[in-house]
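# Descriptive structure summary
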Amino acid sequence: MSAVPFPLTWLYVPGDRPHVVAKALASGTDVVVIDLEDAVAPDRKDYARTATAELLAHPQPVPVHVRINALDTPWALTDIEALLALPGLAGLRLPKVTSPEDIRRLAARTTALPLYALLESALGIEHAYAIAAADPALRGISLGEADLRADLGVRDDIGLDWSRSRIVVAARAAGLAPPPQSVHPDTRDLNGLAASCAHGRALGFLGRAAIHPRQLPIIERAYLPTEAELEQAETVIKAATTEQGAQALPDGSFIDAAVVAAARRTLSLLNRR
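What comes next is a walk through the structure. These figures come from a predicted structure and were not determined experimentally. All residue numbers refer to position in the chain's written sequence, counted from 1. Side-chain atom pairs in this predicted model are given and counted only at pLDDT of 80 or more, local residue features only at pLDDT of at least 70, and totals for whole chains, interfaces and linings cover all residues. The side-chain quantities take in all heavy atoms of the structure and omit both hydrogens and water.

Only DSSP runs of H or I with at least four residues qualify as helices, and only runs of E with at least two residues qualify as strands; both kinds are numbered from the N terminus onward. Counting secondary structure elements, the protein chain contains twelve helices and nine strands. The C-alpha atoms of the protein chain give a radius of gyration of 19 Å, which matches the 19 Å a tight globule of 273 residues would have. For the C-alpha atoms alone, the extent of the protein chain along its principal axes is close to 65 × 40 × 35 Å. Within the protein chain, the proportion of its 273 residues that are buried is 49%. Any pair of residues with heavy atoms lying within 4.5 Å of one another is described as a contacting pair. Here the analysis covers contacts within the protein chain between residues at least 6 apart in sequence; of these, 66% occur between residues at least 24 apart. Carbon and sulfur atoms make up 56% of the accessible area of the protein chain, which amounts to about 13100 Å² in all. Considering the protein chain, the positive charge centre built from 27 side chains and the negative charge centre built from 32 side chains are found 3 Å apart. Here the globule rule is a power law, 2.2 Å times the number of residues to the power 0.38, and the radius of gyration is based on C-alpha atoms. Only protein chains enter the calculation, and the probe is 1.4 Å; a residue is then buried if its accessible area is under 20% of its type maximum, exposed if over 50%, and partly exposed in between. Only the protein chains shown count as cover for residues, and all accessible areas are computed by the Shrake-Rupley method using a 1.4 Å probe. Counting rule for charge: Lys and Arg are taken as positive, Asp and Glu as negative, and neither His nor the chain ends is counted. To locate a charge, the coordinates of NZ of Lys, CZ of Arg, CG of Asp or CD of Glu are taken.

Structural data, given as C-alpha cells:
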C-alpha cells in the first residue's frame with residue numbers, strides 16, 4: 001500500500017458492490033473509502049461487511065478506509081470487530097460524531113488505527129475543536145454536508161460557509177491536516193464541481209471526497225498548486241535557507257516560520273505519488 005503525504009481525492013464506494021470497489025482501487029484516487037453506512041440498505045449491511053472484510057484481509061494497492069455505521073446503531077460494534085485487525089485497513093471514518101467522547105471511546109478499542117470524524121450536525125459543529133483534539137488517534141475531521149444541510153434547514157449553499165470555515169479552523173487549531181471538502185452530489189456537473197472546489201480551496205480545504213471516478217481529475221486539478229504558487233513557494237524556501245527570522249521578499253512581503261511551512265506543503269504536492 002502506498003500513501004501520499006496530502007491526499008487530494010477520497011473516492012467513496014458502497015460496500016455491498018465489490019465490483020465497484022475493485023474499479024475504485026484502480027481509479028487513481030489517493031484513498032478509497034468503502035461505505036458501510038449511507039450507501040448500504042439495512043438488509044445489505046451484513047453482506048457489505050463480509051465482502052469488505054474479505055477484501056481487507058489482504059494489503060491493498062492504495063489506502064482503504066471504511067466508513068462504519070454510526071456509533072449509536074446496532075451495526076457499529078459489529079463493523080469494528082469484523083474489520084479492526086485486517087491488514088488492508090488504513091483507517092476508520094466515523095459518521096455523525098457529536099462529541100469528543102465518541103472519539104475517545106472508539107480510540108480505546110482501536111489502539112493505533114487512524115480515525116477520521118465526520119461532523120454532520122449542528123451539535124457536531126459546535127464541538128468541532130474538542131472533537132479534533134480529542135485523541136492522538138484522530139487524524140482528521142470533515143463535514144457531512146447533506147445531513148448538516150438538513151439539520152440546519154439550509155437551502156442556499158452559502159448557508160454552509162460558516163460551518164465549513166469552523167471545520168477548517170478547528171482542524172488546524174488541533175494540529176490536524178486541512179480537511180477535505182464534502183462530496184459534490186451531481187456527478188455530471190463537472191463545471192459546478194470545479195467552481196465549488198475553487199470556493200473550497202479559498203476557504204482552506206485541501207482535496208475533496210468524490211462519489212464517481214469522473215470527479216477525480218477535476219478535484220486534483222483544482223487543488224494542485226499553480227505555476228505561480230510553486231514559484232512563490234520556491235522563492236520563500238530559498239529565502240528561508242539564507243536568512244534567520246522574519247524577512248522581506250523582493251515583492252515586499254514578509255515571511256516567517258508559518259509562511260515557510262505553508263511553502264513546503266505547497267511543494268510537497270508536486271511529488272504526491
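Here strand S3 (residues 64-67) shows a buried face lined by Val64 and Val66 and a second buried face lined by His65 and Arg67. Relative to S3, strand S2 (residues 31-35) runs parallel, the two being bridged by four bridges. Bridge pairing links Asp35 to Arg67 in S3. Following DSSP output, two strands are said to pair if at least two bridges run between them. Pairing of S3 with strand S4 (residues 91-94), which is carried by three bridges, proceeds in the parallel orientation. The residue bridging Val66 from the neighbouring strand is Leu92, located in S4. Look down the strands so they point away from you; if the path from the first strand over the helix to the second goes clockwise, the crossover is right-handed. In this region the chain leaves S3, passes through helix H3 (residues 76-83) and returns to the parallel neighbour S4; the handedness of that crossover is right-handed.

Before going further, it helps to spend a moment on the environment of Ile158. Structurally, the position occupied by Ile158 is in the loop between helix H7 (145-152) and helix H8 (161-173). In the structure, Ile158 is positioned 138 residues away from Val20 in sequence and 33 Å away in space, judged by C-alpha atoms.

Burial runs high along strand S6 (residues 138-143): five of the six residues are buried. Where strand S5 (residues 115-119) and S6 come together, five bridges link them in parallel fashion. Bridged to Ala117 within S6 is Ile141.

So far we have only geometry, and geometry alone does not tell us how the molecule works.
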